[in-house]
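Reading the structure
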Amino acid sequence: MRAQSRRPLFLVITVLVALSFIATGCRGNQSQNGEISRDRTLVIADPGGYTSFDPHVTYDGPSAQTTRAVYEGLVAYKGTTTDQFEAKLAETWESSTDKLTWTFHLRKGVKFHDGTPFNAEAVKFSFDRLLSVNKGPAWMFASIKEVKVVDEYTAQIILKEPYAPFLEALGSQWGPLMVSSKAVKDHEKNGDQAQEWLQSNECGTGPYTLVRATPESEVVLKKFNDYWGGWSGNHVDQVIIRTIREPATRRLLLESGEIDIANRMNPTDLEALKTVKGVRVDESPSLRNLYLFVVFKAPWTNPVARQALAMSFDYDAYVKNSLKGHATRAAGPIPVSLWGHDDSLALPQYDSKKAGELFKQAGVKPGTKLQGQYLSGFEDMRAAMEVLQAGLAQNGIQLEIKEVTGNALTAMMSGTDPSTKPDFYTFYWYPDFADPLNFLVPIFHSASQGQAGFNGQLLKDPEIDRLLDESQKLLERDQRIPLYKQIQQKMVKDNDALYLVDLPEAVGLRDNVQGYAFNPVYTNTYDYYHISRTK
């Protein structure tokens, strides 16, 4: 996810425009001729609402549920794998021996939703715009020197320096997506490269087009008749993505058959759904982890205070009681299932007595009042704060728990004044691409503070920065892994954050939904084109 990313989870959007336009082609809120039957419609419910459909700006999961359907990149991760790639808008590709020049041979006969043909000029335009806008996921492609049009269907991307996970980054669902240059130019205002327009409209090449979008309510997509992949297989004609924050409501709608897929189910509802006829639960291994970040301000700049904090959290109780076993304890900043993870880390253990001694040593007195923030609608985050609250209370320390919206959380994280921040906040991280760099640079590198990324805790460690910078230039995993192990050892020893749990992708589905397959790189989103439903 990104020095300015995934994103992290939610992007700063200052204005959400209520959509009510009537249009055709590459727009939101198109008029829709004819009713599409329920059996040709897939309905999904998610706790998060979209923020923007601009493929070069948006960097959050709820928005990607739409952008993954309407935009495409050159390559994608294949099936459920995290180390294999398949052709999308590029049919084949190769790189030079030094990995500085990447050549892509493009698919012919592809159209954008406004009828504009896709070609090498479109590749150059899209990457130039991504880097020029320089928001959200742009950090992943900072190594690009230039994009060349070799001929109509051949494009070359030249890098300034080697970037080990370049192909992996091209498979991301955030950033390297193709957009119609005509649509951008037609809707540009005051040199904004159509950012305002693309916030609530789209113009990609994907299998679905945007019909209507209402913030905090729903997004409606319909199939793009001229999609290059064709429509001869099993597909749905329409996708409806509903924003429903309450997990119990999502569960009830799934049980009644009003929706087909319920995203981000909590442990209580997962257990309940297992007994419901006509519904199944899918818990696939993922690369999503949950952190409790400590803002680097007094007293937390003191490593002894952070050690005490890490020993105030009952990790086992959180997994067993709060999450009912629907997670595993995290072991450091890199998920256990991702290459580069160090399985020899000495993790902190819950010990309130020892924590009390360390708090006294650090000058954190009983009666101290702290604040922690969690994202509204996410019960695992709230429960984590409650576990910490109980642990701190053992030593007379008070924790106020505050529920905040996604935009409020992102705005807080983007700030650089520690006095305006809470003491702690919870945050998920799931990947832009399957590489340890993606779990370290966007949230722990000092260059990722402020608008540049998700280092909202304001960590600044020159040694970690140096190791990360060095690792990006090494092309072989065998060379990079020792550096990642050094980083993990240091971060766990220093208690730079509380690494809580690695989470599965927990989804509830109606039995008549076919074709669902989860890829850990595409957390929180769906490949609608390959999903169908029976009557």
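Report on the accompanying structure. (Residues numbered from 1 in each chain as written. Predicted model: local features only at pLDDT ≥ 70, side-chain atom pairs only at ≥ 80, totals over all residues. Heavy atoms only, no water.)

Digging into helix α2 (residues 120–133)
- Taking 1.5 Å of rise per residue, the 14 residues of α2 would be expected to cover 20 Å, and the 20 Å separating its terminal C-alpha atoms lies within 8% of that figure.
- Where α2 is concerned, the buried positions are A120, A122, V123, F125, S126, F127, R129, L130 and V133.
- Here the buried face of α2 lies against β5 (101–106), β6 (144–151), β7 (154–159), α3 (166–170), α4 (181–186) and α5 (195–198).
- Put simply, N119 is the residue that caps the front of α2, since its side-chain oxygen is 3.1 Å from the backbone nitrogen of E121.
- Count one or two residues on from α2 and you reach N134, which has phi positive near 55°. (Helix = DSSP H or I, 4+ residues; strand = E, 2+ residues; numbered from the N terminus. Expected span 1.5 Å × (residues − 1). Buried < 20%, exposed > 50% of the residue type's maximum accessible area, 1.4 Å probe, protein only. Contact = heavy atoms within 4.5 Å. Polar contact = N/O pair within 3.5 Å; in protein donor to acceptor, adjacent residues only side chain to side chain.)

Considerations on the packing of aromatic side chains
- Tallying each qualifying case throughout the model produces 34 aromatic pairs.
- Arranged with centres 4.5 Å apart and planes meeting at 25°, the rings of Y50 and F53 form a pair that is stacked.
- A residue is classified by how much of its surface remains accessible, and F53, at 1% relative accessible area, is buried.
- Here W102 and F166 contribute two aromatic rings whose centre-to-centre distance is 5.5 Å and whose plane-to-plane angle is 50°, an arrangement assigned as tilted. Here F166 lies in helix α3 and W102 lies in strand β5, a separation of 64 residues in the sequence.
- Three or more aromatic residues joined by ring pairs make a cluster, and in this case those are Y59, W174, Y291, F293, Y425, F427, W429, Y430, F444, F454 and Y499.
- Sitting over the ring of Y428, R288 keeps its end group 5.1 Å from the ring centre. (Phe/Tyr/Trp six-rings, centres within 6.5 Å; stacked < 30°, edge-to-face > 60°. Lys NZ or Arg CZ within 6 Å of the ring centre and 35° of its normal.)

Comments concerning the environment of A69
- Relative to the assigned elements, A69 resides in helix α1 (residues 61–70).
- Considering only alpha carbons, one finds A69 and T209, 140 residues apart in sequence, at a separation of 7.7 Å.
- Apart from the residues lying within four places of it in its own chain, the contact partners of A69 are G206, P207, Y208, L221 and Y528.

A word on the environment of G377
- By the element assignment, G377 lies in the loop between β14 (369–375) and α11 (379–393).
- Sequence spacing of G377 and G48 is 329 residues, and the spatial spacing of their C-alpha atoms is 8.2 Å.
- Setting aside its immediate chain neighbours within four residues, G377 contacts R245 and E403.

Side note on the pairing of strand β1 (residues 41–46)
- The element β1 is extensively covered by neighbouring structure, given that six of its six residues are classed as buried.
- Pairing of β1 with strand β10 (residues 238–243), which is carried by six bridges, proceeds in the parallel orientation. When the sheet's bridge partners are listed, I44 is paired in β10 with I241. (Pairing = 2+ DSSP bridges.)

Some remarks on helix α15 (residues 477–494)
- Taking 1.5 Å of rise per residue, 18 residues should cover 26 Å, and α15 covers 25 Å from first to last C-alpha, within 8% of that figure.
- When α15 is considered as a whole, its buried residues turn out to be R480, L483, Y484, I487, Q488, M491, V492 and D494. All buried residues of α15 project into a common sector of 165° when viewed along the axis, lining one side. What points out from α15, more than 90 degrees from its buried face, is the exposed set D478 and K493.
- Check the buried side of α15 and you find it contacts α8 (303–310), α13 (437–444), α14 (462–472) and β17 (497–510).
- At the exit of α15 stands N495, carrying a positive phi of roughly 50°. (Arc of directions from axis to C-beta.)

Side note on the pattern of salt bridges
- Scanning the entire structure with this criterion turns up 24 salt bridges.
- The partner of R107 in a salt bridge is E91, and the shortest N-O contact between them spans 3.7 Å. Here the residue R107 occupies a position in the loop between β5 and α2, and E91 occupies one in strand β4 (residues 90–95), the gap between them amounting to 16 residues.
- Residue E91 is classed as partly exposed on the basis of its relative accessible area of 44%.
- Here K490 makes a salt bridge to D494, at a shortest N to O gap of 2.8 Å. (Salt bridge = Lys/Arg side-chain N within 4 Å of Asp/Glu carboxyl O.)

Concerning the nonpolar core
- With 116 residues, the main nonpolar core has L74, F118, F127, Y318, F424, F444 and L500 as its most contacted residues.
- Here this core takes seven residues from α11, the largest share from any one element.
- Setting aside anything within four residues of it in sequence, one finds F127 in contact with L74, F141, I144, V147, I157, L170, P176 and M178.
- Residues I44, V179, V513 and I531 belong to the second largest nonpolar core, which totals 38 residues. (Core = buried A, V, L, I, M, F, W, Y, C linked by side-chain atoms within 4.5 Å.)

Remarks on the side chain of S126
- With respect to the element layout, S126 can be found in helix α2.
- Looking at S126, the relative accessible area reads 1%, which means it is buried.
- Within the local environment of S126, its side chain forms a polar contact with the backbone oxygen of A122, the two atoms lying 2.9 Å apart.
- Every residue in contact with S126, bar those within four places of it in the chain, is listed here: H56, L177, M178 and V179.

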